[in-house]
Protein chains: 4
Amino acid sequence: MAAITLEDLDRITREEVPFVGQMGVVYESVSDGFVTARLPFRDDLLRPGGTVTGPAMMGLGDIVMYAAVLSRIGPVKLAVTTSLTANFLRRPKPGDIIAEGKLLKCGQRLAYGEVTLFSESEDDPVCHITSTYSIPPRDQR
Amino acid sequence: MAAITLEDLDRITREEVPFVGQMGVVYESVSDGFVTARLPFRDDLLRPGGTVTGPAMMGLGDIVMYAAVLSRIGPVKLAVTTSLTANFLRRPKPGDIIAEGKLLKCGQRLAYGEVTLFSESEDDPVCHITSTYSIPPRDQR
Amino acid sequence: MAAITLEDLDRITREEVPFVGQMGVVYESVSDGFVTARLPFRDDLLRPGGTVTGPAMMGLGDIVMYAAVLSRIGPVKLAVTTSLTANFLRRPKPGDIIAEGKLLKCGQRLAYGEVTLFSESEDDPVCHITSTYSIPPRDQR
Amino acid sequence: MAAITLEDLDRITREEVPFVGQMGVVYESVSDGFVTARLPFRDDLLRPGGTVTGPAMMGLGDIVMYAAVLSRIGPVKLAVTTSLTANFLRRPKPGDIIAEGKLLKCGQRLAYGEVTLFSESEDDPVCHITSTYSIPPRDQR
């Protein structure tokens, strides 16, 4: 069972992380250590070549990893990204981007996981993101 | 000497990469393989803890690396990021973010470089980004 | 079906990549895009704290990713790593390390995949590696 | 001034990290946050194409980053790599590899830096490595 609800993820994203919140990310499912979300297509997410811009995919991956961490530890807002690596595998066509996030480790101080991004019309991933989050000590949450 | 001007970098960013362009990045200098830029502070770039959000810093790093590639090869819009790694070193206080980008390699097919981000009020870097760009063959530019 | 056999993987590793070959990696299975291997424990792979040293795990991950590429394209010796990211998740106890490699992309020029490492006595991964390989053009293989 | 001597770095590497120690790394200089070292050429470090194998360069980068951390905090053996990213920029010719390591951050819990590798006969870097080390709390050193 997840330590946070879809409603809380949605609210935290919109209210607390406006730069990503304004992208319009929709969380679709959450369970312990797993989150799926959708980035609805918008023209202003394109870059030359008619493909979705990398920073939009990195923003999506970062927030989905944040959500996967919160799905384990609950609404600890001060968890912060310490590193993120994105590999862009195929140019997504204009269309929604689907993100599947999965925690691979959640220790006392560090969490690590991967987020795989798909273009809604294709089977093969368009981007693969791995990321580390730093978790604040219990008395500072 | 740079293969692209500050004016062209500015125009390409605003017109062709609107997701990053709307962040308001200002290019401050360009020479062959080196670019500096500034991300003016805005409240909507904050995240919980009162610090600038990671995706904004990654968007800044990505566009500055793009600019550093164009400073060498000229306005080749179809150069695309193949990978980006961001390490967040210190939480920037609210304030402008300064980016210094430097090409470490620019081959026929791949370019690689680093972008170091500073908070305007501090000496130590807040984020270090490395990134690889894929360069299209000459006949497809 | 794999484009290379376990016997060929073993021979290429021992004869052509002696630095990794001398580690004693044993391939256990190969199919199209998937490779599993085992690094038998040896005292000289330890580091302070009694744990397997990071470079041994990176060497294992690198060769397993190479094997996963060859499982798709056949024995193309000149495929080379262009980047590798390793995240060390838990300190492995002294014991064999098991590697599971999986291709996520294999294009004309670049292949990308992930290798997850386990300590033989534990369920949770000890290391997660992602890596990009550059594939030579057909006429240069 | 460095918090560790060249002699101590050499001894720790040979005695405590034999997998890397047997590569024959020679430390050339150490100051606070900066370390240079040399990997003398040996035939068994080659891979197909006559170039130095990636895992040897990653082993060199990892130990030089470890040395850079110890140059700041002293001989704390239990500092461990939490992540390492290597980008291979040019294929080094057979010959010594020179490493220049530099700390970019050294906090209470995490250190981060970069190591640039050169082939002794060439000006341009052959490999660029960034790495994060986890530092044990003072009472566990």
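From a predicted model like this one, the values you see are computed outputs, not experimental measurements.

Let's shift gears to the overall build of chain A. Within chain A, the regular secondary structure consists of three helices and eight strands. Start at the N end of chain A and walk to the C end: the helices and strands fall as α-α-β-β-β-β-α-β-β-β-β. Whereas a compact globule of 141 residues would reach a radius of gyration of roughly 14 Å, chain A reaches 14 Å, a difference of no more than 12%. For chain A, the spread of C-alpha atoms along the three principal axes comes to 50 × 25 × 25 Å. Among the 141 residues that make up chain A, the fraction classed as buried is 50%. The long-range fraction of contacts in chain A, counting pairs at least 24 apart against all pairs at least 6 apart in sequence, stands at 69%.

All right, on to the relation of the copies chain A and chain C then. What relates the two chain copies is a rotation about an axis together with a slide along it. Mapping chain A onto chain C is achieved by rotating through 180° and translating by 0.0 Å along the same axis, at an RMSD of 0.0 Å. Expressed as a symmetry operation, the mapping of one chain copy onto the other fits a two-fold axis.

Before going further, it helps to examine the relation of the copies chain D and chain C. Mapping chain D onto chain C is achieved by rotating through 180° and translating by 0.0 Å along the same axis, at an RMSD of 0.0 Å. Interface overlap between copies: 97% of the residues of chain D at the interface are likewise at the interface in chain C, consistent with a symmetric, same-surface contact.

Below, the discussion takes up the nonpolar core. Grouped together as the largest cluster of nonpolar side chains are 180 residues, with contacts concentrated most on L60 of chain C together with L60 of chain D. With residues near it in sequence (within four places) discarded, L60 of chain C still touches V25, A37, L39, I97, A99 and L117 of chain C.

Another point: the interface of chain A and chain C. Listed as interface residues are 10 residues of chain A and, on the opposing side, 10 residues of chain C. When residues of the side of chain A that touches chain C are traced back to their parent elements, those giving at least two are β5 (80-88), β6 (97-106) and β8 (125-134) of chain A. In terms of residues, the side of chain A that touches chain C owes the most to one element, β8 of chain A, which gives four residues. Split by residue class, the side of chain A that touches chain C holds four nonpolar, five polar and one charged.

A few words now on the interface of chain D and chain C. Chain D puts 29 residues into the contact, and the matching count from chain C is 28 residues. Listing elements by their share of the side of chain D that touches chain C, those giving two or more residues are α2 (18-21), α3 (54-73) and β5 (80-88) of chain D. For the side of chain D that touches chain C, the element with the most residues is β5 of chain D, which contributes nine residues. Partitioning the side of chain D that touches chain C into residue classes produces 14 nonpolar, nine polar and six charged. Pairing between strand β5 (residues 80-88) of chain C and β5 of chain D: five bridges, direction antiparallel. Residue pairing in the sheet places N87 of chain C in a bridge with S83 of chain D of β5 of chain D.

With that out of the way, let us pick up the packing of helix α3 (residues 54-73) of chain C against α3 of chain D. It is the contact of α3 of chain C with α3 of chain D, at a shortest axis distance of 9 Å, that shows an interaxial angle of 155°. Between α3 of chain C and α3 of chain D, the angle is such that the two are roughly antiparallel. The hand of the α3 of chain C/α3 of chain D crossing is right-handed. Only G54, P55, M58, G59 and D62 of chain D of α3 of chain D make contact with α3 of chain C, whose side of the interface consists of G54, P55, M58, G59 and D62 of chain C. Its residues placed into classes, the contact of α3 of chain C with α3 of chain D shows four nonpolar, four polar and two charged.

So, about the sheet that holds strand β6 (residues 97-106) of chain B. The strand order β1(A)-β2(A)-β6(A)-β7(A)-β8(A)-β5(A)-β5(B)-β8(B)-β7(B)-β6(B)-β2(B)-β1(B) describes an open sheet built from 12 strands, whose pairing is antiparallel. Two strands in the sheet have a free side with no partner beyond their single neighbour: β1 (26-31) of chain A together with β1 (26-31) of chain B. The mean angle between the axes of side-by-side strands here comes to 15°, regardless of whether they run parallel or antiparallel. Contacts from helix α3 (residues 54-73) of chain A reach β1, β2 (34-39), β5, β6, β7 (110-119) and β8 of chain A together with β5 (80-88) of chain B, with the element oriented near 45° to β6 of chain A.

Residue and element names in this part refer to chain A. Overall, the predicted model of chain A reaches an average pLDDT of 93, with 100% of residues at or above 70. Ranking the helices and strands of chain A by mean pLDDT puts β2 first, with 98, and strand β3 (residues 46-47) last, with 81. Predicted as a complex, the structure gets a pTM of 0.95 and an ipTM equal to 0.94.

Turning next to the pairing of β8 of chain A. All names here are of chain A. For β8, a buried count of nine out of 10 residues is recorded, marking the element as mostly surrounded by other parts of the structure. Here β5 runs beside β8; their pairing, made up of eight bridges, is antiparallel. Following the sheet pairing, V80 is matched in β8 by S134. Sheet topology places β7 next to β8; nine bridges connect them, and they run antiparallel. Paired with T116 across the two strands is H128, which belongs to β8. What sits between the antiparallel neighbours β7 and β8 is a turn of five residues.

Glancing now at the environment of Y66 of chain A. Its place among the elements puts Y66 of chain A in helix α3. The spatial distance from the C-alpha of Y66 of chain A to the C-alpha of L9 of chain A is 9.3 Å, given a sequence separation of 57 residues.

Reading guide: rules and limits
Residues numbered from 1 in each chain as written. Chains lettered and ligands numbered in written order. Predicted model: local features only at pLDDT ≥ 70, side-chain atom pairs only at ≥ 80, totals over all residues. Helix = DSSP H or I, 4+ residues; strand = E, 2+ residues; numbered from the N terminus. Rg over C-alpha atoms; globule rule 2.2 N^0.38 Å. Buried ≥ 20, exposed ≤ 12 C-beta atoms within 10 Å, placed from the backbone. Contact = placed C-beta atoms within 7 Å. Least-squares fit on C-alpha atoms with pLDDT ≥ 70 in both. Core = buried A, V, L, I, M, F, W, Y, C linked by C-beta atoms within 7 Å. Nonpolar A, V, L, I, M, F, W, Y, C, P; charged D, E, K, R; others polar. Pairing = 2+ DSSP bridges. Axes fitted to C-alpha atoms, helices over the stretch in contact; angles between N-to-C directions. Parallel < 35°, antiparallel > 145°, perpendicular 65-115°, else oblique. Left-handed = near helix turned anticlockwise from the far one by under 90°. pLDDT = per-residue confidence, 0-100.

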